[in-house]
Amino acid sequence: MEISYNMIIATICVAVLLVYTWRVLNWAWFKPKKLEKYLRKSGLKGNQYKLLYGDFKELTNKFNEAKSKHIKFSDDIAQRIIPFFCDSINKNGKSSFVWLGPYPVLLITDPEHVKEIFAKNYVYQKQSHPNPLGKLFVQGLVLLEEEKWAKHRKIINPAFHIEKLKNMLPAFYQSFKEMIRKWEETVPKETSFELDVWPDLQLMTSEVISRTAFGSSYEEGRTVFELQKEQAEYVMDLSRSIYIPGSRFLPTKRNKRMLEIEKQVQTTIRCIINKRLRAMEAGETSKDDLLGILLESNMKEIEQHGSKDFGMTTNEVIEECKLFYLAGQETTSVLLVWTMILLCLHPEWQVRARDEVLQVFGNEKTDLEGLNRLKIVTMILYETLRLFPPLPVFSRKNKEEVKLGELHLPAGVLLLMPAILIHYDKEIWGEDAKEFKPERFSEGVAKATKGQFSFIPFGGGPRICIGQNFAMLEAKMAITTILQKFSFELSPSYTHAPFATITIHPQYGAPLLMRKL
């Protein structure tokens, strides 16, 4: 009887081992090879799959090599930001595939294909981070799908209506004023002074999002920003390595720190939310910050349908607040720093922009009506977004077998759309695609793109960035305020080295020679 029992246990263990061995082999070899065969049969070219690691080693080496060298302004920035993908396209064509571990990645640069992918958001869906720890950074609207995405979008939408944004202008101005005051105290009169504006622009945009998201609780909001900034660096590290199932449970220094950050962020935002909810229950009117509008919209949705199922949970509100930080701070800070750098390189456009600002506002405080009349400033911001799109690449994953144009794709292929390549495509933008020419937007985006879907700084389709009006309004107001008070040129110590840490940053900062006006 004892032998029989031991044999049963041994048989079960062997069966379990065989099942898991098959799953690992299927994940690491059989499934990738099957997908590779399918893609080649569809006429696509790409790299040969290498067991488990795919192209990770080459991708990492290329990235580190590119990051170790600065470039000239005339050089191709895509070759520094996504060097491995650029090499793959040069070798295998505009529609080709590479491997991120055992997962095939199809590079998509055809504007019509990109348009279809963005439009059919029910077929081509967001890809969450393969490492569960990556999800600690941000979830919320940006990663939700189908009914849950539709529910959150509906609840959040009111916070970004232009009338609501108009009420946030004083919070914008307060943050700009603090930065300008600091610069005025630092820069001496009647002489140029070297100042690295990048840290100050990051701090200023974090102050804006802290004030506009949390109102009077912006000091606590600042803590969230600093923690999220650190978390972003860990997530980018994770993106350049293969996730081995179960490795998130290892007590490594990085894993422990990521969990600590998440706990602190959750606790901080939960305290802010609870304080706000208690105030609302006590009869206080809802504040005109993002959190107040979001909570009010959420409560209305629940009351209208008579069920909490139609609203967001506290945890879901926390995730949306974390997303405010990522989208609100990063997008505007990088747009502003590259705008200032480009205006240094093209002083004639700095003069034209300042003349327009002084004509509309003089040295007075800006307002929404005047901002809407700034045609030259708007053209400059659009051209900056083209040359330095905040997100260099977008990704989606088709959940079912599809036909994309002439391409037949199996389910589960990661589709990578490099905005940085589409924005520089000479076939679309002309031979001067690398040049800073704001006049190409003088008659709007549609005219500049010749009707093609080739300008995607905020994505596109139903899932286009919900905060694009917020970002553009903040950027217009900030650059206007700076132009009223200072002129600026590149410092000899500036090193041109754009690199991607989620968004495109200046690797060595942005030292400019600032002069008071």
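Just above, that's the structure.
Residues numbered from 1 in each chain as written. Predicted model: local features only at pLDDT ≥ 70, side-chain atom pairs only at ≥ 80, totals over all residues. Heavy atoms only, no water.

Draft legend 1. View of the packing of aromatic side chains. Summed over the entire model, instances satisfying the criterion amount to 16 aromatic pairs. Ring geometry for Trp29 versus Tyr49: centroids 5.8 Å apart, planes at 45°, classification tilted. One end of the pair, Trp29, is in helix H1 (residues 2–41); the other, Tyr49, is in the loop between strand S1 (45–46) and helix H2 (56–67), with 20 residues separating them in the sequence. Given a relative accessible area of 33%, Trp29 falls into the partly exposed group. Classification of Tyr49 as buried rests on a relative accessible area of 5%. Judged by centre distance (5.5 Å) and plane angle (50°), the rings of Tyr382 and Phe441 are tilted. Within this pair, whereas Tyr382 is found in helix H16 (residues 375–387), its partner Phe441 is found in the loop between helix H18 (426–429) and helix H19 (445–448), the two being separated by 59 residues in sequence. One aromatic cluster is present, formed by Trp29, Tyr49, Phe97 and Trp99 through successive ring pairs. Sitting over the face of the ring of Tyr20, Arg23 holds its NZ or CZ atom 5.5 Å from the ring centroid. A cation over an aromatic ring shows up here: Arg386 above the ring of Trp429, its NZ or CZ 5.1 Å from the ring centre. (Phe/Tyr/Trp six-rings, centres within 6.5 Å; stacked < 30°, edge-to-face > 60°. Helix = DSSP H or I, 4+ residues; strand = E, 2+ residues; numbered from the N terminus. Buried < 20%, exposed > 50% of the residue type's maximum accessible area, 1.4 Å probe, protein only. Lys NZ or Arg CZ within 6 Å of the ring centre and 35° of its normal.)

Draft legend 2. Fine view of the sheet that holds strand S9 (residues 414–418). Read from one edge of the open sheet, six strands run S1-S2-S3-S9-S6-S4, paired in mixed fashion. In the strand order of this sheet, the two ends are held by S1 and strand S4 (124–125), each with one partner. For S1 and strand S2 (residues 96–100), the ladder comprises two bridges, and the chain directions are parallel. Residue pairing across strands places Lys45 opposite Ser96, the latter belonging to S2. Along the sheet face, helix H5 (residues 111–119) touches S4, strand S6 (393–398) and S9 and points at about 120° away from the line of S9. (Pairing = 2+ DSSP bridges. Contact = heavy atoms within 4.5 Å. Axes fitted to C-alpha atoms, helices over the stretch in contact; angles between N-to-C directions.)

Draft legend 3. Region of the structure containing the pattern of salt bridges. Evaluation of the coordinates by the stated rule reveals 18 salt bridges. The residue Lys120 makes a salt bridge to Glu116 at a minimum N-O spacing of 3.2 Å. As a salt-bridge pair, Asp432 and Arg440 come within 3.4 Å of each other at their nearest N and O atoms. Just as Asp432 is buried, Arg440 falls in that class too. Within the structure, one salt-bridge network assembled from shared partners comprises Glu383, Arg386, Asp432, Lys437 and Arg440. (Salt bridge = Lys/Arg side-chain N within 4 Å of Asp/Glu carboxyl O.)

Draft legend 4. Layout of the nonpolar core. Trp183, Val197, Met340 and Met514 are the most contacted members of the largest nonpolar core, which has 142 residues in total. Top contributing element to this core by residue count: helix H13 (residues 314–345), with 16 residues. Once residues within four sequence positions are removed from consideration, Trp183 is found in contact with Leu195, Val197, Asp200, Met340, Ile482, Phe486 and Met514. (Core = buried A, V, L, I, M, F, W, Y, C linked by side-chain atoms within 4.5 Å.)

Draft legend 5. Region of the structure containing the sheet that holds strand S5 (residues 193–196). Strand order in this open sheet of three strands is S5-S13-S10, and the pairing throughout is antiparallel. Two strands close off the open sheet at either side, each with one partner strand: S5 and strand S10 (486–490). The mean inter-strand angle of the sheet, taken between neighbouring strand axes irrespective of direction, is 40°. By the bridge criterion, four bridges tie S5 to strand S13 (residues 511–516) in an arrangement that is antiparallel. In the sheet register, Glu194 faces S13, and the bridge partner there is Leu513. Sheet contacts for helix H9 (residues 197–214): S5 and S13; angle to S5, the most-contacted strand, approximately 50°.

Draft legend 6. Representation of the side chain of Asp55 in the model. Looking at the element boundaries, Asp55 is found in the loop between S1 and H2. Taking relative accessible area as the criterion, Asp55 reaches 2% and is therefore assigned buried. Reaching out from Asp55, the side chain makes a polar contact with the side chain of Lys50 at a distance of 3.3 Å. Only 2.8 Å separates the side chain of Asp55 from the backbone nitrogen of Trp99, close enough to count as a polar contact. Every residue in contact with Asp55, bar those within four places of it in the chain, is listed here: Asn47, Lys50, Phe84, Val98 and Trp99. (Polar contact = N/O pair within 3.5 Å; in protein donor to acceptor, adjacent residues only side chain to side chain.)

Draft legend 7. Representation of the pairing of S10 within the structure. The buried fraction of S10 amounts to four of the five residues, a majority that puts the element mostly inside the structure. Looking at chain direction, S10 and S13 are connected through five bridges and run antiparallel. Looking across to S13, one finds that Leu490 is bridged to Leu512.

Draft legend 8. Structural context of the environment of Glu58. You can see Glu58 is positioned in helix H2. Exposure remark for Glu58: the relative accessible area of 29% places this residue in the partly exposed category. Separated by 26 residues in sequence, Glu58 and Phe84 have C-alpha atoms that sit 7.4 Å apart. Setting aside anything within four residues of it in sequence, one finds Glu58 in contact with Lys50 and Phe84.

Draft legend 9. Representation of the pairing of S9 in the model. Burial runs high along S9: five of the five residues are buried. What you see with S9 is no split at all: Leu414, Leu416 and Pro418 on one side and Leu415 and Met417 on the other are buried throughout. As judged from the three bridges shared by strand S3 (residues 103–107) and S9, these two strands associate in the parallel manner. Within the sheet, the bridge partner assigned to Val105 lies in S9 and is Leu414. In terms of strand pairing, S6 meets S9 through five bridges, oriented antiparallel. Across the sheet, residue Lys397 finds its bridge partner in S9, namely Leu414.

Honestly, it's all geometry; don't read function into it.
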